[in-house]
Amino acid sequence: MVKVTFVLTDQTSRSVEAETGWKLMEVAVNNAIPGIDGDCGGSAACATCHVFVPPEWASVTGERTDMEQAMLDSTYGVQENSRLSCQIEVSEEMDGLSVEIAEG
């Protein structure tokens with residue numbers, strides 16, 4: 001298990017234990033993190049799990065897939081560090097990860 005922190009849109013934080021191998025969106029939904037809905041079930045077909053990954057975590061969380069990029073291209077408030085949390089698989093290297101939930 002690794003510790004992951006979600007910074008909510010009101011700037012409060014919620015830290016949870018995440019099991020490796022799970023998608024970050026699944027971790028958020030299973031822990032009732034406000035602002036992460038995962039309406040498409042993790043298929044990158046919506047942006048209800050849009051988060052901002054700090055630059056220092058980019059190499060650990062990986063690159064956007066083409067499908068993820070296409071979804072983000074049609075999403076409001078996208079930044080250079082935007083990701084769909086359904087496309088980020090939790091690994092041991094992510095212990096201490098903090099992501100900000102996008103407004104939406």
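Overview of the structure. (Residues numbered from 1 in each chain as written. Predicted model: local features only at pLDDT ≥ 70, side-chain atom pairs only at ≥ 80, totals over all residues. Heavy atoms only, no water.)

On to the environment of P34. One can find P34 in the loop between helix 1 (24-30) and strand 3 (50-52). Assessed through its relative accessible area of 45%, P34 is described here as partly exposed. Sequence-wise, P34 and R14 are 20 residues apart; in three dimensions their C-alpha atoms are separated by 9.6 Å. Dropping the residues within four chain positions of it, P34 is found in contact with L8, R14 and I101. (Helix = DSSP H or I, 4+ residues; strand = E, 2+ residues; numbered from the N terminus. Buried < 20%, exposed > 50% of the residue type's maximum accessible area, 1.4 Å probe, protein only. Contact = heavy atoms within 4.5 Å.)

All right, on to helix 3 (residues 66-73) then. By the burial criterion, the buried members of helix 3 are E68, M71 and L72. Projected down its long axis, helix 3 shows its buried positions confined to an angular sector of 100°, all on one face. Looking at helix 3, the residues exposed on the side facing more than 90 degrees away from the buried face are D66 and D73. Among the structural elements, strand 3 and strand 4 (82-84) are those in contact with the buried residues of helix 3. (Arc of directions from axis to C-beta.)

A word on the nonpolar core. F6, L24, I33 and I36 are the most contacted members of the largest nonpolar core, which has 27 residues in total. Elements supplying a minimum of two residues to this core: strand 1 (2-7), strand 2 (13-18), helix 1, helix 3 and strand 5 (97-101). With 4 residues, helix 1 is the largest single contributor of residues to this core. (Core = buried A, V, L, I, M, F, W, Y, C linked by side-chain atoms within 4.5 Å.)

With that settled, consider the sheet that holds strand 4. In space, the 5 strands of this open sheet follow the order 2-1-5-3-4, with mixed pairing throughout. Edge positions in the sheet fall to strand 2 and strand 4, since each has one partner strand and no second. Strand-to-strand twist across the sheet, computed as the mean angle between neighbouring axes with direction ignored, equals 35°. Pairing of strand 1 with strand 5 involves 4 bridges; the strand directions are parallel. Each bridged residue has a counterpart across the sheet, and for V4 the counterpart in strand 5 is L97. (Pairing = 2+ DSSP bridges. Axes fitted to C-alpha atoms, helices over the stretch in contact; angles between N-to-C directions.)

Right, let's talk about the environment of E17 for a bit. Of note, E17 is situated in strand 2. Taking the C-alpha atoms as reference, E17 lies 4.7 Å from K3; in sequence the two are 14 residues apart. Beyond its immediate stretch of four places on either side in the chain, E17 contacts M1, V2, K3, V27 and N31.

Under the counting rule described, the total for this entry stands at 1 salt bridge. Across the pair R83 and E68 runs a salt bridge, and its minimum N-O distance is 2.7 Å. Within this pair, whereas R83 is found in strand 4, its partner E68 is found in helix 3, the two being separated by 15 residues in sequence. Comparing R83 with E68 shows no difference in burial state: the two are buried. (Salt bridge = Lys/Arg side-chain N within 4 Å of Asp/Glu carboxyl O.)

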